[in-house]
Amino acid sequence: MVDKDDVLEALKSVVDPELGMDIVAANMIRDIKVEGNDVKIVMALTSDSCPLASRLKEEAEVAVKSIEGVGKVELELTTMNEEELKALSAKIKARSAHLLEKLPKKDIKKIIAIVSGKGGVGKSSVTALIATTLSKRGMRVGILDADITGPSIPKIFGVNTPPFVLEGKIVPPTSKNGIKLISMNLITGQQEAPVIWRGPLVSSAIRQFYIDVDWGELDYLLVDLPPGTSDAQLTVMQILPLDGVVVVTSPQELANLIVSKAINMSTMLGVPIIGIVENMSYVICPKCGERINLFGEQRGRMLAEKINTKFLGSIPIDPDLSAACDSGSIEDYSNATVQAIAERIVESL
Ligand code: ADP
């Protein structure tokens, strides 16, 4: 006679990859009947159009058939009712709750995230400029490049040494001026190909970049967040013990208010907004030195006033800056405007 408990035990080896738990833990097994050596199972799926239905059924049948002495295995599929679905969803939430808990502060005085509404506004360049200015002032600085989908920090600093592991900790490479850097690029070695990541993967990579990297003692850790307001950014803002957020925007972005979403997200999560940096907002004529506001008056200042935060400053379009970013020599670039922005950030904290 086959034992019901053995059947249940065997079914525990079948994992629903979408739920991240086995079919017994997910309460999918409604009924097990043993008649002699034959086993009849009723399994409830989360939906009648579950794409994994045939796979789960097959795996469950194989698992039960592998028990010694089992004869025929019949597996009937059905769907969960509303109550069962609710219970399952609560279980999933409870299991992942620890993933949303705030991570500890470490030996880092201030952690600042740099955000933008969309890509290409110069978020990474501004992160690198702020880091460089702070490090030139004698601060110990690190950059966690969380822009996993388009990591450009290592290129801007001309660093391509991969991190190494020492006593179970990831040791980050440093820039010329000693800024500690960690980025997906340094690990995959691919500077060009953007990586396609799903929300949960981005969050766990960033978690590891924070927790498993030996940042040592730092005055500032700057986190270059992916642009936008998807799940990944939301999680990062929730789990990292941030002291504040610097919003980088461009005149075009300000015109269609994409950046407002990023601002709303920080406010919703209770992360203070340190201020707004408007990038690429004007040019200085190389012949006469006149300042030309290409996009009309500065909207960044108006937005900052509207949401009651500091306007940290505007950075002109400067071919020298883009050349410094392209050649990996950002630390050789110096600009009084950027220095003033970094000072204001330090003051605000
Ligand atoms: P993001 O991180 O927002 O995607 P990046 O910092 O990678 O944007 O900048 C996008 C491009 O614009 C890069 O080639 C960079 O060198 C250039 N860039 C950024 N800011 C400026 C600026 N103020 N003047 C000239 N080029 C800039």
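Quick caveat, the model's predicted, so the values are computed rather than measured.

Colleague: Where do I start with the UniProt feature "domain: MIP18 family-like" (unreviewed entry) in the chain in this structure?
Modeller: Taking the numbering used here, the UniProt-annotated feature "domain: MIP18 family-like" (unreviewed entry) corresponds to residues 4-74. Helix makes up 30% of residues 4-74 and strand 30%. Its end C-alpha atoms lie 14 Å apart.

Colleague: Mind showing me how you'd approach the pairing of strand S3 (residues 29-35) here?
Modeller: The side chains of a regular strand alternate between the sheet's two faces. Examined bridge by bridge, S3 and strand S4 (residues 38-45) share six bridges and lie antiparallel to one another. Pairing of Asp31 across the sheet is with Val42, part of S4. Counting the residues between successive antiparallel strands, the hairpin from S3 to S4 contains two residues, one of them, Gly36, with a positive phi of roughly 65°.

Colleague: Hey, could you run me through the site of the ligand in this one?
Modeller: Not every one of the 17 residues close to the ligand is listed here, only the nearest: Gly120, Lys123, Ser124, Ser125 and Pro316. Backbone polar atom of Lys123 to an oxygen atom of the ligand: 2.8 Å apart, as the coordinates give it. The contact in question runs from a nitrogen atom of the ligand to an N or O atom on the side chain of Asn279, over 2.9 Å. Calculation on the ligand without its partners gives an accessible area of 560 Å², and the protein chains cover 79% of this total. When residues of the shell around the ligand are traced back to their parent elements, those giving at least two are helix H4 (123-136) and helix H12 (319-326). Looking at side-chain class alone, the shell around the ligand contains seven nonpolar, eight polar and two charged residues.

Parameters at a glance
Residues numbered from 1 in each chain as written. Predicted model: local features only at pLDDT ≥ 70, side-chain atom pairs only at ≥ 80, totals over all residues. Heavy atoms only, no water. UniProt positions renumbered as here; feature names shortened; annotations may be inferred. Helix = DSSP H or I, 4+ residues; strand = E, 2+ residues; numbered from the N terminus. Pairing = 2+ DSSP bridges. Near = heavy atom within 4 Å. Polar contact = N/O pair within 3.5 Å; in protein donor to acceptor, adjacent residues only side chain to side chain. Areas by Shrake-Rupley, 256 points an atom, 1.4 Å probe, with all protein chains shown as cover. Nonpolar A, V, L, I, M, F, W, Y, C, P; charged D, E, K, R; others polar.

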